[in-house]
Amino acid sequence: MFKHKWRIARIFGININIDPSWLIIFFLFTWSLGGQFFPTRYPAWPRSLAWMMGLLTSLLVFASVLVHELSHSLVARQQGEKVGDITLFLLGGVAQINDEPKKPLREFGMAIVGPLSSFVLAGLFFLVSVFLHPASQPLSAAALTLAVINTGLGVFNLLPGFPMDGGRVLRSILWQATGDMRKATRIASAVGQGVAFLLMALGFLQVLRGVFSGLWLVFIGWFLQSAAAHGYEQVVVRSVLQGVKARDLMSTSFGTVPASLTIQALVDDFILERKERMFMVMEGDDLRGIVCLEDVKATPRKDWPRARVRDIMTPKERLEAVSPETDGRVVLSSLAAKDVNQVPVMEYDGSLVGIICRTDILRYIKLKTELGL
Ligand SMILES: [Zn+2]
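Definitions and limits used
- Residues numbered from 1 in each chain as written.
- Predicted model: local features only at pLDDT ≥ 70, side-chain atom pairs only at ≥ 80, totals over all residues.
- Heavy atoms only, no water.
- Disulfide = S-S within 2.5 Å.
- Helix = DSSP H or I, 4+ residues; strand = E, 2+ residues; numbered from the N terminus.
- Buried < 20%, exposed > 50% of the residue type's maximum accessible area, 1.4 Å probe, protein only.
- Donors = N, O, S within 2.8 Å, 3.2 Å for Na, K, Ca; no water.
- Tetrahedral: all angles 85-135°; square planar, octahedral: opposite > 155°, others 65-115°.
- Pairing = 2+ DSSP bridges.
- pLDDT = per-residue confidence, 0-100.
- Core = buried A, V, L, I, M, F, W, Y, C linked by side-chain atoms within 4.5 Å.
- Contact = heavy atoms within 4.5 Å.
- Domains from an automatic or database assignment.
- Salt bridge = Lys/Arg side-chain N within 4 Å of Asp/Glu carboxyl O.
- Patch = residues over 30% accessible without salt bridge, like charges linked within 9 Å, V, L, I, M, F, W, Y side chains within 5 Å.
- Areas by Shrake-Rupley, 256 points an atom, 1.4 Å probe, with all protein chains shown as cover.
- Expected span 1.5 Å × (residues − 1).
- Bend = angle between axes of the 7 residues up to and from the residue.
- Axes fitted to C-alpha atoms, helices over the stretch in contact; angles between N-to-C directions.
- Parallel < 35°, antiparallel > 145°, perpendicular 65-115°, else oblique.
- Left-handed = near helix turned anticlockwise from the far one by under 90°.
- Nonpolar A, V, L, I, M, F, W, Y, C, P; charged D, E, K, R; others polar.

One pass over the structure, following the stated rule, counts one disulfide. The disulfide partner of C292 is C357, and the gap between their sulfur atoms is 2.0 Å. With C292 in strand β7 (residues 286–292) and C357 in strand β10 (residues 352–357), the pair connects residues that are 65 residues apart, well separated along the chain. With respect to class, C292 is no different from C357; both count as buried.

Structural data, given as structure tokens:
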């Protein structure tokens, strides 16, 4: 959601990030559990105890979501997919899995493991709750709450709309049945939008009846609706890029600029003056990195006079070259995986023949879809 996220841990070689929006949900959870739910249910508890249990439960909800996402990543990795970071944000977590799965059965396994792990966690927390009951009522209550929340997470994720796990399960079944991934995605995404509208409608009804927490349903439905539409788009993009090579996407005209140049000078003297959009950044004779129009746009304008090209460029170490024959979809995934805007295209002998920027790919897709190809 936001551009900046915090890396908090690395588990099984997978980076765990927190998006700032996650703090909102964390406070809301702690507040509604510690300030509302526990005090109402257990009026005998001192206020401080209720707050402590609220905080503990929220932290463990966070750990539960993490386990859920990790299960997706680990199964994906076991099936040979490349997995990226896990990011926790306002509505839970996302495990970044770079490639679309190649076989329906694999997708089925990758998707179903998430809700399953939530159900397993629910069962474990339930056992803990029973086990702790004679010793500590507050801890037992927290564990019971976690059992309920994990059950809810599992059920919610099983809703049959793409991009939720249930939608992926549905898609893999349709895909297996029809042999057509695009069609399967279209149906799963339509069902997903249906589910989303249903949630929004339910939320509105609740609000009309004076239950303001219904706003959450409206919000979640709205989010799911856009995600469902987006998921389909992504598949379309991938099918447009089918058979397209890096050489079809790359630009071959690029200038060179010194690393110490200010952004302002880059814009005035190079981008506007020479109408070029990408540059190799040099220090003396050494290539230091590449800078694209996208990098400039991502820098606040007030920083332009002071910031240098070296501050915003993608440094050489993060550039992973592709060959002119590389598949367009692979190029797109590698941009997303490394979270960079550009990738150099090199011949096998190491000579630079072109650069592909994110916008080049987008422009290509737009052109091809406008022409109806
Ligand atoms: Zn999931």
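Surrounding the zinc ion are the protein donor atoms H68 (NE2), H72 (NE2), D165 (OD) and D165 (OD), which sit 2.0 to 2.7 Å from the metal. Each of the four donor atoms around the zinc ion contributes to a set of angles spanning 54 to 149°, which defines the coordination as irregular.

Strands pair in a sheet through their backbones, by hydrogen bonds, and they do so in one of two ways: parallel or antiparallel. Read from one edge to the other, the open sheet built from four strands follows the order β5-β6-β7-β8, with strand pairing classed as mixed. Among the strands making up the open sheet, the edge pair consists of β5 (255–258) and β8 (314–315). As paired elements, β5 and strand β6 (residues 278–283) share four bridges and run parallel to each other. Of the residues in β6, the one forming a bridge with G255 is F279.

The next point concerns the confidence of the model for the protein chain. This prediction gives the protein chain a mean pLDDT of 81; 92% of its residues lie at or above 70. Considering each helix and strand of the protein chain separately, the mean pLDDT is smallest for strand β4 (residues 92–97), with a value of 64, and largest for helix α3 (residues 104–132), with 90.

Below, the discussion takes up the nonpolar core. Ranked by size, the top nonpolar core spans 23 residues in total, and within it I14, W22, I86 and L88 carry the most contacts. For this core, the elements supplying multiple residues, two or more each, are β2 (14–18), α1 (21–41), α2 (47–78), β3 (83–89), α3 and α4 (137–157). The contact partners of I14, leaving out residues within four places of it in the chain, are A9, L70, S73, L74, R77, V83, G84, D85 and I86. Within the second largest apolar cluster, 18 residues are counted, among which are A259, L261, A265 and I271.

Right, let's get into the pairing of strand β1 (residues 6–11). Direction of pairing for β1 relative to β2: antiparallel, over a ladder of five bridges. What sits directly across from R7, in β2, is N17. Hairpin connection of β1 to β2: two residues between the antiparallel strands, including F12 at a positive phi of 50°.

Another aspect to go through is the domain arrangement of the protein chain. A common way to state how big an interface is: give the accessible area lost once the parts meet. Assigned domains of the protein chain: these are domain 1 (1–158), domain 2 (161–240) and domain 3 (246–370). Taking only C-alpha atoms into account, the centre of domain 2 sits 35 Å from that of domain 3.

It is worth spelling out the pattern of salt bridges at this point. Evaluation of the coordinates by the stated rule reveals seven salt bridges. Through salt bridges that share partners, E107, R168 and R171 make up one connected network.

A word on a nonpolar patch on the surface. On the surface, a nonpolar cluster with roughly 650 Å² of combined accessible area is contributed by V120, L124, F126, L127, V130, L144 and V148. Looking at the nonpolar patch, the elements with two or more residues in it are α3 and α4. A total of five residues in the nonpolar patch trace back to one element, the largest contributor, which is α3. The topology assignment puts V120 in helix α3.

A few words on α3. The end-to-end C-alpha distance of α3, which contains 29 residues, comes to 42 Å, matching closely the 42 Å that a straight helix rising 1.5 Å per residue would cover. Its maximal kink placed at V113, α3 deviates by approximately 30°, while the proline P115 follows within four residues.

Here we come to the packing of α3 against α4. Axis separation between α3 and α4 bottoms out at 8 Å; the angle between their running directions is 165°. Considering the angle they form, α3 stands roughly antiparallel to α4. By crossing handedness, the relation of α3 to α4 is classed as left-handed. Here α3 contributes P115, S118, F119, L121, A122, F125, F126, V128, S129 and L132 to the contact with α4, which in turn contributes L139, S140, A143, L144, L146, A147, N150, T151, L153, G154, V155 and N157. Looking at side-chain class alone, the contact of α3 with α4 contains 15 nonpolar, seven polar and no charged residues.

In this section: the packing of α1 against α2. Taken N-terminus to C-terminus, the directions of α1 and α2 make an angle of 140°; their axes are 8 Å apart at the nearest point. Here α1 is positioned oblique relative to α2, judged by the angle of their axes. Here α1 runs over α2; the crossing is right-handed. Residue-level contacts link W22, F26, F29, T30, W31, L33, G34, G35, F38 and P39 of α1 to R47, A50, W51, M53, G54, L55, T57, S58, L59, V61 and F62 of α2.

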